[in-house]
Amino acid sequence: MSIYLDYLTEIDSRATQGLAPKPIDDGKLIEEIITLIKDAGSEHRADALKFFIYNTLPGTTSAAAVKAEFLKEIVLGEVVVPEISVAFALELLSHMKGGPSVKVLLDIALGDDAAVAAQAAEVLKTQVFLYDADMARLADAYKAGNAIARDVLESYAKAEFFTKLPDVEDEIKVVTFIAGEGDISTDLLSPGNQAHSRSDRELHGQCMISPEAQQQIVALKAQHPDARVMMIAEKGTMGVGSSRMSGVNNVALWTGKQSSPYVPFVNYAPIVAGTNGISPIFATTVDVTGGIGINLKNWVKKVGEDGKAILNNDGNPVLEQKFSVETGTVLKIDVKDKVLRDEAGNELVDVASSFTPQKMEFMKAGSSYAIVFGKKLQTFAAETLGVEATPVFAPNKEISVEGQGLTAVEKIFNRNAVGVTPGKVLHAGSDVRVRVNIVGSQDTTGLMTAQELEAMAATVISPIVDGAYQSGCHTASVWDKKAQANIPKLMSFMNNFGLITARDPKGVYHSMTDVIHKVLNDITVDDWAIIIGGDSHTRMSKGVAFGADSGTVALALATGEATMPIPQSVKVTFKGKMHPYMDFRDVVHATQAQMLKQFGENVFQGRIIEVHIGTLLADQAFTFTDWTAEMKAKASICISQDETLIESLEIAKSRIQIMIDKGMDNAAQTLQGLINKADARIAEIRSGEKPALAPDANAKYFAEVVVDLDQIDEPMIADPDVNNPDVSKRYTHDTIRPVSYYGGTKKVDLGFVGSCMVHKGDMKILAQMLKNIEAAEGKVEFKAPLVVAPPTYNIVDELKAEGDWDVLKKYAGFEFDDVAPKTAARTEYENTLYLERPGCNLCMGNQEKAAKGDTVLATSTRLFQGRVVEDAAEKKGESLLASTPLVVLSSILGRTPNMDEYKSAVQGIDLTKFAPPQAA
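About the criteria used
Residues numbered from 1 in each chain as written. Predicted model: local features only at pLDDT ≥ 70, side-chain atom pairs only at ≥ 80, totals over all residues. Heavy atoms only, no water. Helix = DSSP H or I, 4+ residues; strand = E, 2+ residues; numbered from the N terminus. Rg over C-alpha atoms; globule rule 2.2 N^0.38 Å. Contact = heavy atoms within 4.5 Å. Areas by Shrake-Rupley, 256 points an atom, 1.4 Å probe, with all protein chains shown as cover. Lys, Arg positive; Asp, Glu negative; His and termini not counted. Charge placed at Lys NZ, Arg CZ, Asp CG, Glu CD. Expected span 1.5 Å × (residues − 1). Buried < 20%, exposed > 50% of the residue type's maximum accessible area, 1.4 Å probe, protein only. Polar contact = N/O pair within 3.5 Å; in protein donor to acceptor, adjacent residues only side chain to side chain. Pairing = 2+ DSSP bridges. Salt bridge = Lys/Arg side-chain N within 4 Å of Asp/Glu carboxyl O. Axes fitted to C-alpha atoms, helices over the stretch in contact; angles between N-to-C directions. Phe/Tyr/Trp six-rings, centres within 6.5 Å; stacked < 30°, edge-to-face > 60°. Core = buried A, V, L, I, M, F, W, Y, C linked by side-chain atoms within 4.5 Å.

Novice: An account of the overall build of the chain is requested, with residue identities and associated values reported.
Specialist: Along the chain, the regular secondary structure elements total 31 helices and 33 strands. What you see for the chain is a C-alpha radius of gyration of 28 Å, in line with the 29 Å of a compact globule of 920 residues. Dimensions of the chain, computed from C-alpha atoms along their principal axes, come out at roughly 90 × 65 × 65 Å. Long-range contacts, defined here as pairs at least 24 residues apart, represent 73% of the contacts in the chain between residues at least 6 apart. With an accessible surface of roughly 33900 Å², the chain has 50% of that area assigned to carbon and sulfur atoms. The positive charge centre, built from 92 side chains, and the negative charge centre, built from 120, are 2 Å apart in the chain.

Set out below in C-alpha cells:
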C-alpha cells in the first residue's frame, strides 16, 4: 500500500495550496486502490472508491487500463462491488474515451454472455475513438456472422454516435468579462513561465490572468447562474501569439462545462470574443474544445465626410463604440439566426462566421477531433457493410472558381486534400480535410499533447506522417527539478509513440535542445508539404506550416490529418535595392510597417503571406516566415527559385544526416526516409518534371503588398510602446520604428541574440563585429550584458570548425556546459557575453528572465508584457526587437546607437544578401 500512502501524502501537500487530489494516471496506484475497494473492512475503502470512480484519467494511461479491466470483471460478474452495478460499470467505461475501455467493451460485446453483450454494444455505439485494431475486431466478427458486430457497424454507418447527441442550443445567454483592453496574448491566459504545470490542469488554472480576475469570473457565474461567461478582448484580438491549448483549457476551466462527472478539471465549450475577433491559431484551439469564438466588431473606425478614417494626433484611426460589452453585460447569442443580441433582443452584430456547419458540428460533439474520428469510423463501417454512409455530417465546403488560377497555398491544399470531389479544383474558402506531412511537438506543450494522445486512446503515430519531432528547446536553458521530472517522461512517451526525440530515453545519443522550428524547417523536404507544429512559430520556409494547439498536434500525430479552411493569400513582392548596411531582419520589420501604411489596417491577419523570396536560402528566409506569427498571419509560404530550393534541400539533407549519424533515427528509419524524399524532390526539380512551387499567373489574392527596399535606410525596431496612453496599442508588434527615433540615447539594460529568429549568419555577424570593434578600439567592453543562444548544435559545431566560436569565447564570461547544465535560472547579469545552450532561452520566458523593469533589445519574437521581462514597481519592462547587429552594438554601448555608430560597426561585414525577383 506504499504507493497509495504516498498519494495520500501528496494530497495533504496539495491541500495546503488549495488544490484537490491530483488525477491519477498510474496503473500501480489504481491496483492498490482496487485492493482497498475489495477489502470491506479497510479504513481507506470509501476514499479509494471515490478516487477510482471520480479521479482516474481516461484514455490510454496505465491507470485507465487497470480501471477498464476491473470494470470488465464487475460487468461479467466475476467481482461484486455493491457501489458499482453492472449498468454503472458500463457507464464508467463509456466515459473513458477509448483504448483499454474500447477493448473491454469489445471483449464483452463480442463475448458469450448475451445479456451483458447487448448492453456493452449500446455503450460501444456511443464511442468514436476506435483505431485500426478495434475496427479490425469488429470487421472480423461481422464477417464471422456475429449479430452484435453487425448491429454496432450499422449504428456507426448511420453515425448515431453523433446524431443522438443533443443539438446546440438555439439561444445561449452570456455575461461578459473583459479580460483586457487591446490584443490579448495567450500568455495572459497561460503564462509561459508557468509552462511546467500545464499538464496539472487545476494547478495551471490558478495562473490565468490574475487571482482577482478569477474571483470576478466566479462572482459573475454566481450572479448569473443561467448564463455562461464570455471572455473578451476589448478593442483587440483574442488569443494572439501562441497557439496554446493550455490557454483555452484555463478559460474552459473557469467558464466552460465539465466534460465528464468522472474526470476532474477537464472542461469544454468556452466562449471567447474580441473586438477584432479571434486569432487564427487560437480559433483552431477553441474548435478543439467545441467552444465558440465571436468577432464582436463593437468598435469601428470613425469615418469623415470623404469616406476616409479620421486619425488622431498619433496617426491612428479614431474608434467609435457601436455597443458596450463592459464586464457584467448580459447578451444573447441567437444561434438559430446567427446574430448577437442585447438582453432586450435587439440585434448587435452578425456572428454567422462563428456558426458554420463545421463549427456547429464541433460544438455538438464537444471537440473537433471527435468529428474527425467520427467521420473515419462512419466511412469504415459503411465500407465494411458494403452500404452508403448515411449523410450526416456537413459536406466539405468546396469552392471552385472557373477560370481562376491557384495561389501557392491553394495548390498545396489541392495536393493534400482528403475526401473531396475527385477532379474538382478548390479555391480559398473551401473547408477540407488534408493530409499532414510533418508534425512537431515542443516540450512545454508536449506533456499536454501526450495527455491528448492518451485521452483519444492513440498508441502509435499514423503511418501516413512522413516525419515527426519532439523538441527539448523550451526547457533547454535551465535543467531544473521541474524539467528533470517532466522532460524525460515526455521524451520516453513520444519516442515510444514513433517520434524522433531531442533526448534519447535510452541515453545513447547526446541530448539535443535545438529550436523546434529550425529542426522542422530542416526535416521539411518538400515545398508542397503541410506541417503542423505545437507552437505559433511553426512557419517553415518550405511548404506551408500551421502553428497549432496540443490537441491538434495530437490529432495530426494520431490520424495524419487536419481539418481547416483554405485561407486567402496576400502576395508580397519587392522593388528597389537593399542597402549594404541593412540586415534582412530590417526588411521583415519594414514589410509590416509598409503594409500598415499602404492599407491602413492589417491585411495579413488570418491569411497566408505568400512572399516571393527568390534567391534567399531556407535558413535566411525563415527569418521572414517566423515573424509572420507576429504579423497575425495564418501562415506563410516562400516562393523560391529552382536552384535556391535545391540548395536549401541539400542543406536540409546534410543536417538530417547529422541527426542519423548521432543515432537519432528510429526503427522505421524516418530520417533516412526524409533524405530519400529530398533526393526525389531534387530530381523532380532538375528534370523539369515538377519545378519549385509557384502560384499561377491568374491566381487571385486578397491583397498585394509591394515592399520598397530603397525606403529601408536604417535599422528598424519593433517597440512594445509600453507607455502609449491608448492601452490597446501596447504590446501589439505593430509599432515599428527606425533607430533614429531613439536619438542614440535609449538605454539598453540587456541584449539577447538567439531563439528561432537567428541563423548561422547571425552568429558570424556577431563574431565579426567583435573583431572589428577590437581592431578599432583596442578592446571590447560591454556596457550591458549580451546573452547569446545559438538555435542549434550543428551551428555551434560549424562555428567551432570555422574559428568563430573561439572569437565568441574570448569575450564570454559564461559558456554552456552540457555535462553540467544550469539547475537554476540566472537572477543577475554582469556586463559580459553569455554563451548559452542552444534553445529558446529568454524568448520563452519560462526559465531565464531579464531583471524586472529592464529595457531589453532582442532578436526575439516576443514583446508581450512579462514574457522576456516583467514590470518593476517604478518602471515597465520593455522588450524591443531588432536585428543582430543592432542588438550587439547596443549591448556594447549600453544604449541604442546613432546611424554613424551603426554604419561604422557593420562596415565590411557581409550582412544578408537579398536579391528577390523584382515586382512587376
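Past the structure itself, the notes keep going.
Novice: Which residues make up helix H23 (residues 584–599), and what values do they have?
Specialist: In this model, H23 (16 residues) spans 23 Å end to end at C-alpha, consistent with the 22 Å of a helix rising 1.5 Å per residue. Taken residue by residue, H23 has Phe584, Arg585, Asp586, Val587, Val588, His589, Ala590, Thr591, Gln592, Gln594 and Met595 as its buried positions. For H23, the N-terminal capping position is held by aspartate 583, with its side-chain oxygen 2.9 Å away from the main-chain nitrogen of arginine 585. Downstream of H23 by a residue or two, glycine 600 has a phi angle that is positive, lying close to 80 degrees.

Novice: Before we move on, can you summarise the side chain of histidine 537 with the specific residues and values?
Specialist: Tracing the chain through its elements places histidine 537 in the loop between strand S19 (530–533) and strand S20 (544–547). For histidine 537, the contacting residues outside a window of four places in its chain are His517, Phe622, Asp626, Ala629, Glu630, Cys756, Thr861 and Arg862.

Novice: Go over the pairing of strand S3 (residues 228–234) with me, naming the residues and quoting the values.
Specialist: Within S3, seven of the seven residues are buried, which leaves it mostly tucked inside the rest of the structure. What you see with S3 is no split at all: Arg228, Met230, Ile232 and Glu234 on one side and Val229, Met231 and Ala233 on the other are buried throughout. Pairing geometry for strand S1 (residues 171–181) and S3, over seven bridges, is parallel. Within the sheet, the bridge partner assigned to threonine 176 lies in S3 and is methionine 230. Both S3 and strand S7 (residues 271–274) contribute to a ladder of four bridges, which runs parallel. Opposite isoleucine 232, over in S7, you have alanine 273 as the bridge partner.

Novice: Describe the sheet that holds strand S18 (residues 500–501), with residues and values.
Specialist: With respect to topology, five strands assemble into an open sheet ordered S18-S17-S16-S19-S20, the strand pairing being parallel. Of all strands in the sheet, those bounded by a partner on one side alone are S18 and S20. In this sheet, S19 lies alongside strand S16 (residues 438–441) in parallel orientation, the contact comprising three bridges. In the strand pairing of S19, isoleucine 438 is matched with isoleucine 531.

Novice: Quick rundown of the pattern of salt bridges? Include the residues and the values.
Specialist: Tallied over the full model, the rule gives 56 salt bridges. Notably, a salt bridge pairs lysine 411 with aspartate 696, separated by 3.0 Å at the nearest N-O pair. Of the two residues, lysine 411 is situated in helix H18 (residues 408–416) and aspartate 696 in the loop between helix H26 (670–687) and strand S25 (703–708); the sequence distance between them amounts to 285 residues. Between glutamate 802 and lysine 760 there is a salt bridge, with the nearest N and O atoms lying 2.6 Å from each other. Pair noted here: glutamate 802 is in helix H28 (residues 793–802) and lysine 760 is in helix H27 (residues 760–777), with a separation of 42 residues, a long-range link. Taking relative accessible area as the criterion, glutamate 802 reaches 43% and is therefore assigned partly exposed. Of the residues examined, lysine 760 reaches a relative accessible area of 17% and is grouped as buried.

Novice: Please set out the sheet that holds strand S24 (residues 635–640) residue by residue, giving values where relevant.
Specialist: Sheet architecture is open: four strands sit in the order S24-S23-S22-S25, paired in parallel fashion. With one partner strand each, in any of the chains shown, S24 and S25 form the two edges of the open sheet. For this sheet, the mean angle separating the axes of adjacent strands, direction not counted, is 25 degrees. Bridge count between strand S22 (residues 569–575) and S25: six bridges; the pairing is parallel. Within the sheet, the bridge partner assigned to valine 570 lies in S25 and is alanine 703.

Novice: Describe the packing of aromatic side chains, naming the residues involved and giving the relevant values.
Specialist: Applying the stated rule across the entire model yields 19 aromatic pairs. Taking the centre distance of 5.4 Å and the plane angle of 70 degrees together, the rings of tyrosine 131 and phenylalanine 373 count as edge-to-face. Of this pair, tyrosine 131 sits in the loop between helix H7 (114–124) and helix H8 (132–143) while phenylalanine 373 sits in helix H17 (residues 368–385), and the two are 242 residues apart along the sequence. For the pair formed by tyrosine 131 and phenylalanine 373, the shared burial category is buried. Within the aromatic cluster, the residues linked to one another by ring pairs are Phe129, Tyr131, Tyr369 and Phe373.

Novice: Please provide a residue-by-residue account of the side chain of arginine 826, values included.
Specialist: On the secondary structure map, arginine 826 appears in the loop between strand S30 (812–815) and strand S31 (833–835). With relative accessibility at 14%, the residue arginine 826 sits in the buried group. Only 2.6 Å separates the side chain of arginine 826 from the side chain of glutamate 836, close enough to count as a polar contact. Setting aside residues no more than four positions away along its own chain, arginine 826 makes contact with Phe814, Tyr834, Glu836, Glu848 and Lys849.

Novice: Quick rundown of the nonpolar core? Include the residues and the values.
Specialist: In terms of nonpolar packing, the biggest core is built from 133 residues, with Tyr469 and Leu770 touching the most fellow members. Grouped together as the second largest cluster of nonpolar side chains are 117 residues, Phe373, Phe380, Leu555 and Ile566 included.

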